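Listed below, chain by chain, are the residues.
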Amino acid sequence: MPGTTRTQVGIVGAGPAGLVLGRLLEREGIDAVVLEARSRDYVEHRLRAGVLEQGTADLLRALGVGDRMDREGLLHAGIELRFDGTGHRIPLADLTGGRHVMLYGQTEMVKDLIAARLESGAELRFEVEDVALHGLEGNAPSIGFRHEGVDHELRCDVVAGCDGFHGVSRGAVPADRLTVRSREYPFAWLGILADVAPSSEELVYTSHERGFALHSLRGPTKSRLYLQVDPGDDVEAWSDDRIWDELHLRMARDDDWVLHEGPVLEKGITPMRSFVAEPMRHGRLFLAGDAVHIVPPTGAKGLNLAVADVKVLGEALVAFLRGGDERGLDAYSATALRRVWRAEHFSWWMTSMLHQDPAAADDPFAVALQRAQLEYVCTSEAAATSLAENYVGLPWARRTLDAPMNRVPRRMREERG
Ligand code: FAD
Ligand code: PHB
């Protein structure tokens, strides 16, 4: 075949998972090729997440792609939970020994990673078509694809499936080898980007009887706002005026807080689901990020989990490809899934605490439980600390069940530091 080439790691997808993995391998001298179905412009402007855990931000710095993030991103030390017209601050940094989150758009992070990869000359192809994975169960997998009208075969030692929820990688695993656990939610998020300075310095998560609302931001001049809507809603049914009216109603506070309005630059509806497929490995295919798990966005975990996966995978690949040590690869799925399920639980919990389930609206018991949970998180240091340590991101290496808390009482605090 005219286009037959070889690399060590074939990476499918140039989202956060594929690009961070590519960068990690490049820094360790491992050869990789990144194949992306969309155009560069498309992936650099696809509006998504905005909250980076401290560990994610630290990793980007260590990979030499953190300079613009440090200049333009905003470090946040707390979030507000708002209900019954009152805001309650959760002091994330105070509760976690000084850990912060970084507000920096996924779009910007992706731009920085693409620029770094292209500058280094490492291979990254956009607009590839007909991607198909072959030979995953043997030692010589390959990726077939078409690029600029030419058919290619990329022979690899390992394939990394980083192609998101709708990619081809997960589907390349025989269905009877994957266990899928999932949950659909009876609501979706309508998100807007508005050309107006943020109305609050910190993120505001609001629980209201009309539904959840979130105030976030993208730098000093742009606000990012979300509303819980019906999953069947058409975005056209939400005029800008209707969106602002609803945001005012849900986010109203009893004091003089004001929500600033501005021109709506982008508008879209995102379904909410929880989804995990396991194991995250099939032969020489390793799945990472949204390709293998999805969280509802309430805990701001999706992008961070994708990065956490490839941190584990990248280190395992280096050990394997440099010295033939397969232990890291053998442990990859179990290691990554431990963090995945923690984030699944946290994201489900934040979602359940803050959204209105239409089916539970007439269930006074459910309403009272939800209210009790909110009050507990806002009044108990122990409960707020649990939220905070999950929100800023748990340490890469965490205690395991064979080191019970009563035997090492101080260790958790030390790990957090
Ligand atoms: P992706 O970012 O999906 O990247 C996968 C890449 O693979 C894409 O570039 C795609 O074009 C490419 N691809 C797909 N198929 C192929 C193929 N066959 N061949 C080659 N390439 C392929 N998380 C939050 O925390 N907060 C949010 O507000 C938030 N909003 C979101 C809104 C939407 C609409 C979506 C879909 C997700 C959102 N998320 C959010 C989740 C977060 O953005 C994801 O968890 C994160 O993008 C995962 O990164 P990834 O690299 O695993 O996957
Ligand atoms: C965002 O800024 O897009 C954002 C922030 C927090 C979330 C989800 C999305 O929980």
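For clarity, every value in this text was computed on a predicted model and none was experimentally measured.

### Regarding the overall build of the protein chain
The secondary structure content of the protein chain amounts to twelve helices and 21 strands. Its C-alpha atoms give the protein chain a radius of gyration of 22 Å, near enough to 22 Å, the size a compact globule of 417 residues would have. For the protein chain, the C-alpha atoms occupy an extent of roughly 70 × 55 × 45 Å along the three principal directions. Taking all contacts inside the protein chain whose residues are at least 6 apart in sequence as the whole, residues at least 24 apart take part in 72%. Across the protein chain, the 48 positively charged side chains and the 63 negatively charged ones have centroids separated by 6 Å.

### Remarks on the pattern of salt bridges
When the charged atoms of two side chains with opposite charge come close together, those side chains can pair. Counted under the stated rule, the structure contains 31 salt bridges. Note that Arg89 is salt-bridged to Glu202, the shortest N-O span being 2.9 Å. Taken together, the positions of Arg89 in strand 7 (residues 86-90) and Glu202 in the loop between strand 14 (179-194) and strand 15 (203-206) put the pair 113 residues apart, joining distant regions of the chain. For Arg89, a relative accessible area of 47% corresponds to the partly exposed category.

### Some details on the site of ligand 2
The environment of ligand 2 is made up of 14 residues, and the closest members are Tyr205, Ser216, Arg218, Tyr226 and Pro297. At a separation of 2.6 Å, an oxygen atom of ligand 2 approaches a polar side-chain atom of Tyr226. Between ligand 2 and Pro297, the relevant distance is 2.8 Å, taken from an oxygen atom to a main-chain nitrogen or oxygen of the residue. Relative to its unbound accessible area of 280 Å², ligand 2 is 97% covered by the protein chains. Elements that contribute at least two residues to the shell around ligand 2 include exactly strand 15, strand 16 (213-218) and strand 17 (222-229). Top element by residues in the shell around ligand 2 is strand 16. It accounts for three residues. When the residues that make up the shell around ligand 2 are grouped by side-chain class, the tally is eight nonpolar, three polar and three charged.

### A word on helix 8 (residues 302-323)
Helical geometry note: an α-helix holds 3.6 residues per turn, so side chains three or four residues apart project in the same direction. The end-to-end C-alpha distance of helix 8, which contains 22 residues, comes to 32 Å, matching closely the 32 Å that a straight helix rising 1.5 Å per residue would cover. Most of helix 8 sits inside the fold, with 16 of its 22 residues counted as buried. In the segment just after helix 8, Gly324 is the residue with positive phi, at about 75°.

### As for the site of ligand 1
In the region of ligand 1, 31 residues are neighbours, and Glu36, Arg46, Arg48, Gln106 and Asp290 sit closest. Here an oxygen atom of ligand 1 sits 2.8 Å away from a polar atom, N or O, in the side chain of Gln106. Taking Leu303, its main chain carries an N or O atom lying 3.4 Å from an oxygen atom of ligand 1. Notes on ligand 1: free accessible area 990 Å², of which the protein chains cover 85%. Listed by contribution, the elements that provide at least two residues to the shell around ligand 1 are helix 1 (16-27) and helix 8. The element best represented in the shell around ligand 1 is helix 8, accounting for three residues. Within the shell around ligand 1, the residues separate by chemical class into 16 nonpolar, eight polar and seven charged.

### Overview of the sheet that holds strand 7
Pairing within the open sheet is mixed, and its eight strands lie in the order 7-6-15-16-17-14-18-21. Two strands close off the open sheet at either side, each with one partner strand: strand 7 and strand 21 (293-294). Taken strand by strand, helix 11 (residues 381-392) contacts strand 6 (79-83), strand 7 and strand 15, and its axis lies near 130° from that of strand 6.

### Focus on the sheet that holds strand 20 (residues 285-287)
Strand order across the open sheet formed by six strands is 9-3-2-13-20-19, with mixed pairing between neighbours. Taken across any chain shown, the strands that pair with only one partner, and hence form the sheet edges, are strand 9 (123-125) and strand 19 (281-282). As paired strands, strand 3 (residues 32-35) and strand 9 are joined by three bridges and run parallel to one another. When the sheet's bridge partners are listed, Leu35 is paired in strand 9 with Arg125. Across the sheet, helix 6 (residues 106-120) touches strand 3 and strand 9, and the angle it forms with strand 9 is around 125°.

### A few points about the nonpolar core
By size, the foremost hydrophobic cluster in this structure holds 75 residues, and its most contacted members are Val20 and Ile143. Looking at this core, the element that brings in the most residues is helix 8, giving eleven residues. Aside from chain neighbours lying at most four places away, what touches Val20 is Leu59, Leu60, Leu63, Met109, Leu113, Val307 and Val310. Val51, Ile90, Tyr226 and Trp349 belong to the second largest nonpolar core, which has 33 residues in total.

What counts and how
- Residue numbers restart at each chain and count upward from 1, following the sequence in its written direction.
- Written order decides the labels, with chains lettered from A and ligands numbered from 1.
- Where local features are concerned, this predicted model is filtered to residues with pLDDT of at least 70; where side-chain atom pairs are given and counted, the filter is 80 or more; whole-chain, interface and lining totals use all residues.
- Calculated side-chain values reflect all of the structure's heavy atoms, with hydrogen atoms and water omitted.
- Helix numbers and strand numbers start at the N terminus; a helix is a DSSP run of H or I with at least 4 residues, a strand a run of E with at least 2.
- What the globule rule says is 2.2 Å times the number of residues to the power 0.38, and the radius of gyration is computed from C-alpha atoms.
- Contact between two residues is taken to exist if any of their heavy atoms lie within 4.5 Å; hydrogens are not considered.
- Charged-residue counts in this description rest on Lys and Arg as positive and Asp and Glu as negative, His and the chain ends being excluded.
- Lysine's charge is taken at NZ, arginine's at CZ, aspartate's at CG and glutamate's at CD.
- The rule for a salt bridge is simple: a side-chain nitrogen of Lys or Arg has to be within 4 Å of a carboxyl oxygen of Asp or Glu.
- Here's how the labels work: a residue is buried when its accessible area is under 20% of the maximum for its type, exposed when over 50%, partly exposed in between, all with a 1.4 Å probe on protein chains only.
- A molecule or strand has a residue near it when one of that residue's heavy atoms lies within 4 Å.
- What qualifies as a polar contact is a pair of N or O atoms within 3.5 Å, subject to a donor-acceptor requirement within protein and to the restriction that residues adjacent in sequence count only when both atoms come from side chains.
- Where accessible areas are quoted, they stem from the Shrake-Rupley method and a 1.4 Å probe; at the residue level, only the protein chains shown are allowed to cover.
- Charged means Asp, Glu, Lys or Arg here, nonpolar means Ala, Val, Leu, Ile, Met, Phe, Trp, Tyr, Cys or Pro, and polar covers whatever is left, Gly included.
- Expected span, for any helix, means 1.5 Å times one less than how many residues it has.
- Following DSSP output, two strands are said to pair if at least two bridges run between them.
- For helices, the fitted axis covers only the stretch in contact; all axes are lines through C-alpha atoms, and the angles between them, taken along N-to-C directions, range from 0 to 180 degrees.
- Residue types Ala, Val, Leu, Ile, Met, Phe, Trp, Tyr and Cys, when buried and joined through side-chain atoms within 4.5 Å, form a set referred to as a nonpolar core.

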